Amino acid sequence: MRRGGNEWFMVVFFIGVLILLYFEVYKKDLLYYLDKSYQVEIEDSYNGIIIKKYADKVNHNSSMVEFSDGTNRGIHPYFWGKMEVGDSISKVKGDSIIQVFRNDEKILIEIAPFYRKAIEEEKERKMNK
């Protein structure tokens, strides 16, 4: 009895699954990741007084802040760069604005325009390819 047919089928099936996984997991384009990042930013919430800003070397140099209550969190580098130690910050779940309170000033960091611009630039880059 010949067994080669079943073995070939299994090899081809396995390669097909690997190809499918490659395209589903690894070949997502930048637009996909920008959209996902935007959704995560909108659904996020946090608040506190920043006592430290640092790059977390263990976590791919992620832009981090440490709050006065001892908690740490990652902040997108673009928004992180607009914050200073001593600022009180607040981000409400579902809102696209980070409020920064510095001295007697209230600074609004808008999340949506940043992602909108990045998405448009990527769409344009893809069209000009």
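Colleague: Just checking my understanding: could you explain helix 4 (residues 111–127) for this structure?
Modeller: At 3.6 residues per turn, the α-helix brings residues three or four places apart onto the same side. Over its 17 residues, helix 4 extends 25 Å from the first C-alpha to the last, a length consistent with the 24 Å expected when each residue adds 1.5 Å. Inspection of helix 4 places I111, A112, Y115, A118, I119 and E122 among the buried residues, and these make up the whole buried set. Each buried residue of helix 4 sits inside an arc of 135 degrees when the element is viewed along its axis, so together they form one side. The outward face of helix 4, more than 90 degrees from its buried face, is lined by the exposed residues R116, K117 and M127. Elements that come into contact with the buried residues of helix 4 comprise helix 2 (30–43), helix 3 (77–80), strand 4 (88–91), strand 5 (97–102) and strand 6 (105–110).

Colleague: Could you clarify how one ought to interpret the packing of aromatic side chains in this entry?
Modeller: Two numbers describe a pair of aromatic rings. These are the distance of the centres and the angle of the planes. One pass over the structure, following the stated rule, counts 6 aromatic pairs. Both rings, one in Y38 and one in Y115, keep their centres 5.6 Å apart while their planes meet at 55 degrees; by these two values the pair is tilted. Linking Y38 in helix 2 with Y115 in helix 4, this pair joins segments that are 77 residues apart in sequence. Take Y38: its relative accessible area is 23%, and that puts it in the partly exposed class.

Parameters at a glance
- Residues numbered from 1 in each chain as written.
- Predicted model: local features only at pLDDT ≥ 70, side-chain atom pairs only at ≥ 80, totals over all residues.
- Heavy atoms only, no water.
- Helix = DSSP H or I, 4+ residues; strand = E, 2+ residues; numbered from the N terminus.
- Expected span 1.5 Å × (residues − 1).
- Buried < 20%, exposed > 50% of the residue type's maximum accessible area, 1.4 Å probe, protein only.
- Arc of directions from axis to C-beta.
- Contact = heavy atoms within 4.5 Å.
- Phe/Tyr/Trp six-rings, centres within 6.5 Å; stacked < 30°, edge-to-face > 60°.

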